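What follows is each chain in one-letter form.
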Amino acid sequence: MQNNASLVVVLGTGGTIAGTAVHATDHVGYSAAQLGAAQLVAAVPALAGLPIEVQQIAQVDSKDMDFSIWRALAEAVDQHLARPQVCGVVITHGTDTLEETAYFLQRVLAPSKPVVLVAAMRPATALQADGPQNLLDAVGVARSVGARGVVAVLAGRVHSALDLRKVHTYRLDAFDSGDAGTLAQIEQGRLRQHRAWPGGEAFGLVRLPRDAAQWPQVEIATSHAGSGGAIVAALCASGVQGIVVAGTGNGSVHRALEGALLQAQAAGVAVLRSSRCLGGSVIDATPPALPSAGALTPVQARIELMLQLLAHRVA
Ligand code: SIN
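Counting of residues starts from 1 at the beginning of each chain's written sequence and follows it residue by residue. Predicted model: local features are reported for residues with pLDDT of at least 70 only, side-chain atom pairs are reported and counted for 80 or more only, and whole-chain, interface and lining totals are derived from all residues. As a rule here, side-chain values come from all non-hydrogen atoms in the structure, and water together with hydrogens is ignored.

1. Overview of the environment of Ser281
- By the secondary structure assignment, Ser281 is in the loop between strand 13 (270–275) and helix 7 (298–314).
- Relative accessible area serves as the criterion here: at 34%, Ser281 is assigned to the partly exposed category.
- Expressed as a C-alpha distance, the spacing of Ser281 and Asn250, which sit 31 residues apart in the sequence, is 7.2 Å.
- Beyond its immediate sequence surroundings of up to four residues, Ser281 is in contact with Asn250, Gly294 and Ala295. Runs of H or I in DSSP of at least four residues are treated as helices and runs of E of at least two as strands, each being numbered from the N terminus. We call a residue buried when its accessible area falls under 20% of the maximum for its residue type, exposed when it is over 50%, and partly exposed in between, using a 1.4 Å probe and counting protein chains only. We call two residues in contact whenever any of their non-hydrogen atoms come within 4.5 Å of each other.

Pasting the structure below:
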C-alpha cells in the first residue's frame, strides 16, 4: 500500500496514545498526553528509516480539545499537505473527541491527500500497548496510493471521518462506522478497501476565526424522560447562538423541551434536531418545526451548525 516513498508528517496533539502510567498493568489510572509525538514515532522500530517529519501541535487530553487547537491543527495540516513532497499527514490524538476532530477537519479541508487520525485505548506504558501498531498502520495508510480525505485508524480498521463514532469505553476496537461500515481493513500492512474515501466540499480555513472567542457558541441539549425547558432558558441567557438537541429515537423531543426550543428558534437561536440513538438517521414524514440533522450525530451536528453560523456571518 505504498505511495512513491514520499514524506509523512506526524502531528502530535496528546491523548492516551501519548499517555503514561506508573505500572504497566494500569489501563485506566494513567496520565494522557505525556510523551511527544517524536517519542511515539521513535518507539516503533518499523518506522525507522521512513521519511517522517514530526511537529507537536498540542499536548492535551482530548476531552479538553478546543477551538484554538482545532484552528492550529487545521492550518498545520493544510500547510503540510500543500508541500509536494508530503504524501499524507498523521495526527496522534486522544480517543474521546477523535470523531469531532476528524469530522471538523474533513468538513473544513476536504483534503485530496490522506489525513489519518490515530489514537490508542491503552497508554504507551501498557504491557500490550495498542498505540505502536496503530501508528504503524496509520503511517501505512498515509503512504497509500489513492488514499484521500480524513480517516481514523485503530485496531486494524480504517473509518471515514464522516461516519466515525466511539462506541465503547475501554475495548481496544472502540470505534465504529455505524450503518456505513468500515472504510477499509489493514491486513498484514495491506489495505482491503470496502468503500470510497471521504469527499465533499471544503468549508475552507479562511472562514475560521483566529480568535477562539469569535467562534459561534453552539451547545447540545439531550431530550429524556422528564425533560424541561430550563436548560434552553439557561443557554439562551448565556448568549448561545445555536442549540443541537439530541432527541430520542427518530429525533423526537419531549414536549416541554420542544416548546422551549421553538421559543429559542423564534428568538433567533439556530436549532438542529438529531438523535441520541447510536445508529440511523432522523427521517421526517412532514416538514418539521425544528430542522433535522439527518444522519449526523449530535457532535457532528454541532460542528455543522457552527460552520453554518460562520458562513452566514461572513456572507
Ligand atoms: C483522550 O481522549 O485524550 C484520553 C482518552 C484516550 O485517548 O483514550
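2. Let's talk about the site of the ligand
- Any residue with a heavy atom lying within 4 Å of a molecule or strand is counted as near it. Residues in close proximity to the ligand include Gly15, Thr16, Tyr30, Asp61, Ser62, Gly94, Thr95, Asp96 and Ala120, which together make up its full environment.
- Taking Thr95, its side chain carries an N or O atom lying 2.5 Å from an oxygen atom of the ligand.
- Between an oxygen atom of the ligand and a main-chain N or O atom of Asp96, the distance comes to 3.0 Å.
- Accessible surface is estimated by sampling points in the Shrake-Rupley manner with a 1.4 Å probe; for residues, cover comes only from the protein chains shown. Computed on the free molecule, the ligand has an accessible area of 250 Å², of which 94% lies beneath the protein chains in the complex.
- Residue composition of the shell around the ligand, by class: two nonpolar, five polar and two charged. We call two N or O atoms a polar contact when they sit within 3.5 Å, provided that within protein one can donate a hydrogen and the other can accept it, with sequence-adjacent residues counted only if both atoms are side-chain atoms. Basically, the charged four are Asp, Glu, Lys and Arg, the nonpolar ten are Ala, Val, Leu, Ile, Met, Phe, Trp, Tyr, Cys and Pro, and anything else, Gly included, counts as polar.

3. Remarks on unusual backbone geometry
- Of note in the backbone geometry, Ala110 takes a positive phi value of approximately 35° without being a glycine.
- As for its position among the elements, Ala110 is in the loop between helix 3 (98–109) and strand 4 (114–118).
- Positive phi values are uncommon outside glycine, yet Gln188 reaches one of about 50°.
- In this structure, Gln188 sits in the loop between strand 9 (184–187) and strand 10 (190–193).

By themselves, these observations are geometric and do not establish any function.
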